[in-house]
Amino acid sequence: MFRKLSLCSIIGLALVQGCTNTDIATTSDVTLTNDKHIPRNIIMVVADGMGPAYTTAYRNYADDPSTPAIETGILDEILVGNASTYPAAVSGYVTDSAAAATALATGVKSYNGAIGVDANKQPVESVLQRAKKLGMRTGVAVTSQINHATPASYLAHNESRKNYDAIADSFYDDKVNGHFVANVMLGGGTQYFVREDRNLVTAFTENGYQYVEAYDELASVPAGSDVIGLFAPVGLPAALDDENHHRLSYMTEHAIKHLENPEGFFLLVEASQVDWAGHANDIGSAMAEMDDMSVTVSYLHDYVAAHPDTLVVLTADHSTGGLTIGANGVYEWHPEYLRNMQSSVSSIAVNMVSEDSPAGYAEAQLGFTFEGDDTARVTDIAALPDFEARETALKAFLDEKTNTGWTTGGHTGVDVEVFAFGAGAHAFAGQLDNTDIAKTFFQYLEAK
């Protein structure tokens, strides 16, 4: 059970932390007035790349067009504040995913590319690692490879996010109190864990982990198991192309099944590919990834209703792509062109060249009826010899249909929204810095 912290205890804890090599800064004041404010379980959800324009776009995308009002959704119900995202000064004002994840995981600002290390490249403890130290079960469920920047920053320490093999090795080699850091690891990344020089999957299974390679295999794993599930060589397929369009919610549900225990658990969930869609300026995939994330949050909302000692916090690490709802001086946006997509633009660009009627195939996959010169234009796109040229042209076609704008293929430095519900959610209201989220988590964990 978690106990209440007195103000003196909180101040004392902050002073002790300030003297350790974890370099946890003093936390913001959080009122812990009774046990309902102290979560037994903490679930951190990162929607990578999800700036404010994405949540507005998704509200419009999910709207019922048969009604005059634009309906609110789960994200509107749980919005509590905003967070700044800037990295350590050496990297300026615009963060990458590694520095942002390190801030969210450890409460310490670092340089772009840093995985669980400070600006001097010294390891800093994450909230997940602290939870493990306190005897809680821990896990990650992500749509990227599990050793990608965000999950890696909660599980490992490395001076560069690009050291994928070394980061994967550390998941096995680096222990907390003699135990592996994570009890559950679900996502992609087989090529980093099954290599010629080392088979980490075999090493984990020899130490009691269940290994699964397909989503539906999770259903047969006994509850409470230690599990490593790798469902793709690198990242998972895009939501529009995956056999399960809501694979993140499915992995999250099964991760919780294996993490539940009397001592509590810490789970990181990442909707990794909102960011990838933003980098690609792909509005169709962006909305599909947002939908996967929204379904996951709705599941977690129901879970907290049944388990009120659980805290869920959702935020983004940064915004990606400079998405604009409306473009070119035209005051319109048309999400109806996105709602019935059957596969991603990338998949369409690959497959259309082998179809007898490329435009007919694209029309069926995009999910709307072509009009005007659409058929001729898409036929010309299909004739382009290069995949990347076809993909770029199809994205431009969809941007014109929807009147979507983009300002960059990279990140932007805007603040991101913070959402929270469950035990202790009140602490995340208002204007925060991204480091404040980890600092508050540490405070709750130390109330154990």
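Residues numbered from 1 in each chain as written. Predicted model: local features only at pLDDT ≥ 70, side-chain atom pairs only at ≥ 80, totals over all residues. Heavy atoms only, no water.

Draft legend 1. Looking closely at the overall build of the protein chain. Of regular secondary structure, the protein chain possesses 17 helices and 16 strands. For 448 residues, the compact-globule estimate of 2.2 N^0.38 gives 22 Å, and the C-alpha radius of gyration of the protein chain, at 22 Å, lies within 12% of that figure. Counting only C-alpha atoms and orienting by the principal axes, one finds that the protein chain spans roughly 70 × 50 × 45 Å. Per-residue burial for the protein chain yields a buried fraction of 59% across its 448 residues. Counted over contacts in the protein chain with a minimum sequence separation of 6, partners at least 24 positions apart contribute 77%. As presented, the protein chain carries roughly 17000 Å² of accessible surface, and 51% of it is formed by carbon and sulfur atoms. (Helix = DSSP H or I, 4+ residues; strand = E, 2+ residues; numbered from the N terminus. Rg over C-alpha atoms; globule rule 2.2 N^0.38 Å. Buried < 20%, exposed > 50% of the residue type's maximum accessible area, 1.4 Å probe, protein only. Contact = heavy atoms within 4.5 Å. Areas by Shrake-Rupley, 256 points an atom, 1.4 Å probe, with all protein chains shown as cover.)

Draft legend 2. Examining the pairing of strand β9 (residues 265-271) more closely. The buried fraction of β9 is high, at seven of seven residues. Here β9 shows a buried face lined by F265, L267, V269 and A271 and a second buried face lined by F266, L268 and E270. Examined bridge by bridge, strand β1 (residues 41-47) and β9 share six bridges and lie parallel to one another. Directly across from V46, in β9, lies its bridge partner E270. Where strand β3 (residues 137-145) meets β9, six bridges bridge the pair, whose relative direction is parallel. If you follow A141 over to β9, its bridge partner there is V269. (Pairing = 2+ DSSP bridges.)

Draft legend 3. Representation of the pattern of salt bridges. Counting across every chain of the model gives 20 salt bridges. With its nearest N and O atoms 3.8 Å apart, the salt bridge here joins E371 to K401. Of this pair, E371 sits in the loop between α14 (358-366) and α15 (374-382) while K401 sits in helix α16 (residues 387-402); the two residues are 30 residues apart in sequence, bridging distant segments of the chain. Its relative accessible area of 47% is what places E371 among the partly exposed residues. (Salt bridge = Lys/Arg side-chain N within 4 Å of Asp/Glu carboxyl O.)

Draft legend 4. Representation of the nonpolar core. Counting 131 residues, the largest nonpolar core has M44, Y154, F193, F428 and F441 as the members making the most contacts within it. Examining the composition of this core, we find that 10 residues originate from one element, helix α12 (residues 283-306), more than from any other. In this view, F193 contacts I146, N147, A168, F171, R198, N199, L200, V201, I228 and L230; residues no more than four positions away in its chain are not counted. (Core = buried A, V, L, I, M, F, W, Y, C linked by side-chain atoms within 4.5 Å.)

Draft legend 5. Fine view of helix α10 (residues 247-259). Given a rise of 1.5 Å per residue, 13 residues ought to cover 18 Å, and the 18 Å separating the end C-alpha atoms of α10 matches this to within 8%. By the criterion of burial, α10 is predominantly enclosed, with 10 of the 13 residues buried. The set of residues buried in α10 consists of R247, L248, S249, M251, T252, H254, A255, I256, H258 and L259. (Expected span 1.5 Å × (residues − 1).)

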